[in-house]
Amino acid sequence: MKLKTVMFGKTYQFKDLNEVQAKASEQKSGDELAGLAATSREERAAAKIVLCETTLADIRNHPAVPYEIDDVTRVIQDQVNETVYKEIQNWTVGDLRNFLMEYTSTEPVIQRICTGLTSEMIAACAKIMSNLDLIYASRKINNRSRCCTEMGRPGIALTRALPNHSTDDIDGIFVETYEALAYGIGDAMIGLNPVQDTVESTVYLENKLYELRMKWDIPTQHCVLSHITTQMAAIRKGAPVDMIFQSIAGTQKANESFGISTELLDEAYDLGLHECISGAPNPMYFETGEGSELSAAAHMGVDELTLEARTYGYARRYNPFAVMSVVGFIGPEYIYDSVQQQRGGLEELFMGKMHLFPMGVDVCYTNHMPASQNDSEVLAMLVAEAGMPYFVTAPMGDDIMLNYQLLGNHDLQTILELTGLRRDPDFEKWLQKMEILDDNCMPTERFGDASIFLR
C-alpha cells in the first residue's frame, strides 16, 4: 500500500491509512482537537492524492479499528457481499468516485456496488468529492423503508415533528404537535425527546402520542426517544410503540459509553419486529453525530468522518426505518462553523445513502457556533436538491428542551415549493381533509393555525 506522494517537489509520507484518512478530510474542528487534522492545505491535498490512489482492498484489509477488538468493525466487515467485493476490490477510491459520477451509473447499479463496500471505503470516497459531487451522487440513490408509512420514495420529503418540552408537560407537547401538523409537518414521525428517562414516563408519553394519532387519524408513526432499555421495558409493559430509537456511534467503546452493545441492539431489533404495534419490517430509528466518539474519549485515533461512516455501517445491521445525523448539535468543538456544518451535512447524507437506508440530516447549530439560521437554510436547500428523504423541524426553529437551533415548522413549505418535492401522499390527503392544504396541495387560510385542533 502506497502511503506517500510527491507534490511540488516535496515528499509527503504518512505512517498508516488512518493518518491518510484523517488528513484527507476537509477541515473539521474535532479532528484538530484530536490532533489528527492536516497541518496545511498542501498536506491535505497530498493526503487526498494518496487516498485517491488507494485500492478498496487496501482499505478492507486495514479497518480503522482492528477487527479483533471492536464489534463495530466486525459488523461492518461481516456484512460485506463478498461476490460484489471481489468484482471491485482492485478499484481505487478514485475509481469508485468516477463510477458514481458516470451518467450510466443508475440507482440499482450503485445500490448493488454498495453491498460490497465497507464504511471506511465510503468515507474515503466522500473525502475526495466536492460538494457538488456529493449532491450529484446522493440524488441518484433512494433507499426505501417502512414503519406505519413508507420512507425514501423519489421526489418525497418527509418531516419529523419535534414537540420537545422542558418539563414533559403533555399540554405543551400537544400544542407544539398541533402547530407542526398545521404546517404540514410530521409525516416521517412525531418524535419526542423526553426529559424524564423512566419506564413510567415513557409508557405515559407513548400512550398519549398514540391517542393523539388515533383521535385525528394521522397517517404517521410516533417515537419517544428514551434510552433503548427504557423503551424495551415500556414495550413489555404494553406501551403502544411504533419504533425503537437509540443513539449509536462508530466504535465499540463509544457505544459502551451510551450503555449499549450489539447483543442489546440485536435483542431490541427482534423485540421491535415482533412487538412494535406498527408491525413494521423496519422498526429501528437511530441518531448519530460527528464528534460523539471523541467526546466519549473513544475515537481510537480515527477521524470523525470515518467514525460517522462506521456508525452508519453499524446501523445497517438493523435495517433501520431511518437514521438522522444531528450535524451541528454537539457544538463548535467538533463542527466549528457554517462551512463545516454544510460540508458535514452533505458528506453525511451521501454516506448514509451509500449504506442503503433513508438518511436524514438535522440541519442545526448551537448558539455558541459562528453560524446562523441563514446558513442552515442554505444547507437545507442543498440537501433537498440532493434528495434527502426527510427533515426535522421545531416551532420557530428553536428546541426549547435541547437548546439548539434547527429548521422551523414554517420552513418546509418554502423548501417544497422551491424544489418541487412533495409530502407523503397519504399525509397530503389527510392535510386536505383537515383543510390545511387545498386540492393543489397549497396552503389554505388554516395553514399554520394550531387552534384548529382545539376547537
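Residues numbered from 1 in each chain as written. Predicted model: local features only at pLDDT ≥ 70, side-chain atom pairs only at ≥ 80, totals over all residues. Heavy atoms only, no water.

## Points about the overall build of the protein chain
Line of reasoning, step 1. When helices and strands are counted, the protein chain shows 21 helices and 15 strands.
Line of reasoning, step 2. Computed over the C-alpha atoms, the radius of gyration of the protein chain is 21 Å, within 12% of the 23 Å expected from 2.2 N^0.38 for a compact globule of 455 residues.
Line of reasoning, step 3. Counting every position in the protein chain, which comprises 455 residues, the buried fraction comes to 64%.
Line of reasoning, step 4. Put simply, of all contacts in the protein chain between residues at least 6 apart along the chain, 76% involve residues at least 24 apart.
Line of reasoning, step 5. About 16,700 Å² of surface is accessible on the protein chain, with carbon and sulfur atoms providing 50% of the total.
Line of reasoning, step 6. In the protein chain, 38 positive and 65 negative side-chain charges are present, and the distance between their average locations comes to 5 Å. (Helix = DSSP H or I, 4+ residues; strand = E, 2+ residues; numbered from the N terminus. Rg over C-alpha atoms; globule rule 2.2 N^0.38 Å. Buried < 20%, exposed > 50% of the residue type's maximum accessible area, 1.4 Å probe, protein only. Contact = heavy atoms within 4.5 Å. Areas by Shrake-Rupley, 256 points an atom, 1.4 Å probe, with all protein chains shown as cover. Lys, Arg positive; Asp, Glu negative; His and termini not counted. Charge placed at Lys NZ, Arg CZ, Asp CG, Glu CD.)

## Here's the deal with the pattern of salt bridges
Line of reasoning, step 1. On inspection of all chains with the given rule, the structure shows 26 salt bridges.
Line of reasoning, step 2. The partner of Asp449 in a salt bridge is Arg455, with the nearest N and O atoms 2.9 Å apart.
Line of reasoning, step 3. Of the residues examined, Arg455 reaches a relative accessible area of 67% and is grouped as exposed.
Line of reasoning, step 4. Here the salt bridges do not stand alone but share partners, grouping Arg144, Arg146, Glu150, Arg153 and Asp424 into one network. (Salt bridge = Lys/Arg side-chain N within 4 Å of Asp/Glu carboxyl O.)

## Some thoughts on the nonpolar core
Here is a general trend for soluble globular proteins: nonpolar side chains tend to be buried in one another's company.
Line of reasoning, step 1. Grouped together as the largest cluster of nonpolar side chains are 94 residues, with contacts concentrated most on Leu100, Ile228, Phe350, Met351, Met354 and Phe391.
Line of reasoning, step 2. When residues of this core are assigned to their parent elements, the largest contribution, 6 residues, is made by helix H9 (residues 119-127).
Line of reasoning, step 3. In this view, Met354 contacts Leu100, Ile110, Cys114, Leu117, Ile122, Ile141 and Arg316; residues no more than four positions away in its chain are not counted. (Core = buried A, V, L, I, M, F, W, Y, C linked by side-chain atoms within 4.5 Å.)

## Quick look at helix H15 (residues 262-275)
Line of reasoning, step 1. The terminal C-alpha atoms of H15, which comprises 14 residues, lie 19 Å apart, in line with the 20 Å expected from a rise of 1.5 Å per residue.
Line of reasoning, step 2. Looking only at H15, the buried set comprises Thr262, Leu264, Leu265, Ala268, Tyr269, Leu271 and Gly272.
Line of reasoning, step 3. Contact partners of the buried residues in H15: helix H5 (71-78), helix H13 (228-236), strand S8 (244-247), strand S9 (284-288) and helix H17 (304-316). (Expected span 1.5 Å × (residues − 1).)

## Let's talk about the sheet that holds strand S11 (residues 359-362)
Line of reasoning, step 1. The parallel open sheet is built from 4 strands, whose spatial order is S8-S9-S10-S11. Strands with a single pairing partner mark the edges of an open sheet, and in this sheet they are S8 and S11. Ignoring which end each strand starts from, the neighbouring axes of this sheet average 20 degrees apart. (Pairing = 2+ DSSP bridges. Axes fitted to C-alpha atoms, helices over the stretch in contact; angles between N-to-C directions.)

## Here's the deal with helix H8 (residues 107-114)
Line of reasoning, step 1. The set of residues buried in H8 consists of Ile110, Ile113 and Cys114. Angular distribution of buried residues about the axis of H8 spans 105 degrees; they occupy a single face of the element.
Line of reasoning, step 2. Each element contacted by the buried residues of H8 is listed here: helix H6 (82-88), helix H7 (93-101), H17 and helix H18 (338-354). (Arc of directions from axis to C-beta.)

## Overview of the sheet that holds strand S15 (residues 407-408)
Line of reasoning, step 1. In space, the 5 strands of this open sheet follow the order S7-S6-S5-S12-S15, with parallel pairing throughout. This sheet does not close on itself; its edge strands, each paired only once, are strand S7 (222-224) and S15.
Line of reasoning, step 2. Here 2 bridges tie strand S5 (residues 158-161) to strand S6 (residues 189-192), and the two strands are oriented parallel to one another. Residue pairing for S6: Ala161 is matched across the bridge by Ile190.

## Observations regarding the packing of helix H19 (residues 373-385) against helix H20 (residues 411-419)
Line of reasoning, step 1. Packing of H19 against H20 brings their axes to within 11 Å, and their N-to-C directions diverge by 45 degrees. For the element pair H19 / H20, the angle class is oblique. When the axes of H19 and H20 are compared, the crossing they make is right-handed. Contacts from Gln373, Glu377, Ala380, Met381, Ala384 and Glu385 in H19 reach Asp411, Ile415, Leu418 and Thr419 in H20. (Parallel < 35°, antiparallel > 145°, perpendicular 65-115°, else oblique. Left-handed = near helix turned anticlockwise from the far one by under 90°.)

## Re the state of the cysteines
Line of reasoning, step 1. Across all of its chains, the model carries 0 disulfides by this definition.
Line of reasoning, step 2. Left unpaired, Cys114 is separated from the closest cysteine sulfur, that of Cys125, by 9.5 Å.
Line of reasoning, step 3. By relative accessible area, Cys114 is classed as buried at 0%.
Line of reasoning, step 4. Counting only cysteine sulfurs, Cys52 is the nearest neighbor of Cys125, a cysteine outside any disulfide, at a range of 9.1 Å. (Disulfide = S-S within 2.5 Å.)

## Some thoughts on unusual backbone geometry
Line of reasoning, step 1. Even without glycine at this site, Leu356 takes up a positive phi of about 75 degrees.
Line of reasoning, step 2. Tracing the backbone shows Leu356 in the loop between H18 and S11.
Line of reasoning, step 3. Positive phi is not limited to glycine here, since Met396 has a value of about 55 degrees.
Line of reasoning, step 4. Inspection of the secondary structure assignment puts Met396 in the loop between strand S12 (390-394) and strand S13 (398-399).

## Some thoughts on the packing of aromatic side chains
Line of reasoning, step 1. Under the criterion given, the structure shown has 13 aromatic pairs.
Line of reasoning, step 2. Ring geometry for Tyr312 versus Phe357: centroids 6.2 Å apart, planes at 90 degrees, classification edge-to-face. In this pair, Tyr312 is assigned in helix H17 and Phe357 in the loop between H18 and S11, connecting sequence segments 45 residues apart. Just as Tyr312 is buried, Phe357 falls in that class too.
Line of reasoning, step 3. With a centroid separation of 6.2 Å and an interplanar angle of 85 degrees, the aromatic rings of Tyr314 and Tyr318 are classed as edge-to-face.
Line of reasoning, step 4. Take Tyr314: its relative accessible area is 0%, and that puts it in the buried class. (Phe/Tyr/Trp six-rings, centres within 6.5 Å; stacked < 30°, edge-to-face > 60°.)

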